[in-house]
Amino acid sequence: MLKEINEAVAYLQKRGITSPEVGVILGTGLGNRFVEEIQSPVIINYNSIPYFPISTVEYHKGRLIYGTLKGKKVLAMQGRFHYYEGYSLQQVTMPVRVMKLLGIEYLLISNAAGNLNTKWKKGQLMMLNDHINLLPDNPLRGENYDLFGPRFPDMSAPYSPLLNKKLKQLARKLKIKLNEGVYVAMQGPNLETRAEYRFLRLIGADAVGMSTVPEVIVANHMGLPCCAISVLTDDCDPDNLKPVNIEEIVKVAAKAEPQLTKLYINLIKEL
Ligand code: HPA
């Protein structure tokens, strides 16, 4: 993987990505508005980057956008990779390693997730303050590259307390409702059964999705401060479960997108 990562980094540097400060991963149905805010964008399709995975999900575009936002050099991933697409978690997280080697100092993540908390409603946002990895794998499995990070990385604060504090302050200032809770990663691609939702609530999860945790593990491995916000796209109440489909999830995500975009743009301004 080391050779592949280095080749992707060298290619992107050659294409002009020389000094990104903030990396952003845009999830399902999110990101169009955010990308519109990036000035003098350089756009690079994933399929032109050596060894980069490509998005196989139609709701995910597959391109990197590099440009200026609020005076900062931003590198945004429009579209990410998931375990359910068949990629290994090393492949899923390769872009995080590439962005870190290109120079990003912060990583801001977004995703669409199911809402497990009865006090909240779909359409709201949740800032992650912790997670549970129920994926059947780990991106750090196998040989450890000491130059990236330690064999046994600490996970006592996987989401940067500084970034989360700033996000909470900004949400208050901008009058955006920002819930805070625990995200659990499932492998998908099917949504969960009622019994599974009951189980996920019991173990302490507030939101469920199929992404983010691998990227956060790798960011922590590399000492890269990160934060993540879920758009809660559907209510996962085991006692009153309605069928959901991906179109509806994308629709709710798009509706909540302006608030998420506002939070992240203001956060970037403060970094
Ligand atoms: N599970 C349930 N609902 C969801 C998910 C998920 O993984 N992602 C978005 N809504």
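Before reading on, note that the structure itself is shown above.
Figured I'd write up the structure that's included with this text. Fair warning: this is a prediction, and the values are worked out from it, not measured in the lab.

1. Considerations on the environment of E7
With respect to the helices and strands, E7 occurs in helix 1 (residues 2-14). Using a relative accessible area of 34% as the deciding quantity, one classes E7 as partly exposed. Note: C-alpha distance between E7 and I49 (42 residues apart in sequence) is 8.8 Å. In contact with E7, not counting residues within four places along its chain, are P50 and Y51.

2. Digging into the nonpolar core
The biggest cluster of nonpolar side chains holds 48 residues, and the ones touching the most others in it are L12, I49, L64, V98, L107 and Y183. Among the elements that line this core, the one with the most residues is helix 3 (residues 89-102), at 7 residues. For I49, the residues in contact, after removing those within four places along its chain, are A8, Y11, L12, I44 and L64. In terms of nonpolar packing, the next biggest core, distinct from the first, is built from 32 residues, V24, I65, L69 and L167 among them.

3. A short note on a nonpolar patch on the surface
Taken together, the side chains of L134, F199, L202 and I203 make up a nonpolar region of the molecular surface, amounting to roughly 380 Å² of accessible area. Relative to the helices and strands, L134 is located in the loop between strand 6 (125-133) and helix 4 (161-174). With a relative accessible area of 33%, L134 lands in the partly exposed category.

4. Some thoughts on the pattern of salt bridges
Enumeration over the complete set of coordinates arrives at 7 salt bridges. Residue R80 is joined to E215 by a salt bridge in which the shortest nitrogen-to-oxygen separation is 2.8 Å. Within this pair, whereas R80 is found in the loop between strand 4 (72-78) and helix 3, its partner E215 is found in helix 6 (residues 213-221), the two being separated by 135 residues in sequence. Here R80 and E215 have matching classes, each one buried. A salt bridge links E248 to K122; its shortest N-O distance comes to 3.4 Å. Within this pair, whereas E248 is found in helix 7 (residues 246-270), its partner K122 is found in the loop between strand 5 (106-115) and strand 6, the two being separated by 126 residues in sequence. A relative accessible area of 30% places E248 in the partly exposed class.

5. Let's talk about the packing of aromatic side chains
For the coordinates displayed, the defined rule picks out 5 aromatic pairs. When the ring of Y46 is compared with that of F81, the centres are 5.3 Å apart and the planes differ by 50 degrees; the resulting orientation is tilted. Note that Y46 is positioned in the loop between strand 2 (39-45) and strand 3 (63-69) and F81 in the loop between strand 4 and helix 3, a separation of 35 residues in sequence. The class for F81 is buried, based on a relative accessible area of 1%. Between Y145 and F148 the ring centres are 6.0 Å apart and the planes differ by 80 degrees, which places this aromatic pair in the edge-to-face class.

6. Topic: the site of the ligand
For the ligand, the set of nearby residues contains 13 residues, the closest of which are E192, Y197, G209, T233 and D234. One of the backbone nitrogen or oxygen atoms of G114 is found 3.3 Å away from a nitrogen atom of the ligand. A distance of 2.7 Å separates a nitrogen atom of the ligand from a polar side-chain atom of E192. Protein chains shield 95% of the accessible area of the ligand, which is 260 Å² for the free molecule. For the shell around the ligand, the secondary-structure elements that each account for two or more residues are strand 5, strand 8 (207-209) and strand 9 (226-235). When residues of the shell around the ligand are assigned to their parent elements, the largest contribution, 3 residues, is made by strand 5. Counted by class, the shell around the ligand contains 8 nonpolar, 3 polar and 2 charged residues.

Calculation criteria
- Residues numbered from 1 in each chain as written.
- Predicted model: local features only at pLDDT ≥ 70, side-chain atom pairs only at ≥ 80, totals over all residues.
- Heavy atoms only, no water.
- Helix = DSSP H or I, 4+ residues; strand = E, 2+ residues; numbered from the N terminus.
- Buried < 20%, exposed > 50% of the residue type's maximum accessible area, 1.4 Å probe, protein only.
- Contact = heavy atoms within 4.5 Å.
- Core = buried A, V, L, I, M, F, W, Y, C linked by side-chain atoms within 4.5 Å.
- Patch = residues over 30% accessible without salt bridge, like charges linked within 9 Å, V, L, I, M, F, W, Y side chains within 5 Å.
- Areas by Shrake-Rupley, 256 points an atom, 1.4 Å probe, with all protein chains shown as cover.
- Salt bridge = Lys/Arg side-chain N within 4 Å of Asp/Glu carboxyl O.
- Phe/Tyr/Trp six-rings, centres within 6.5 Å; stacked < 30°, edge-to-face > 60°.
- Near = heavy atom within 4 Å.
- Polar contact = N/O pair within 3.5 Å; in protein donor to acceptor, adjacent residues only side chain to side chain.
- Nonpolar A, V, L, I, M, F, W, Y, C, P; charged D, E, K, R; others polar.

Read these as layout, nothing more, since geometry by itself doesn't imply function.
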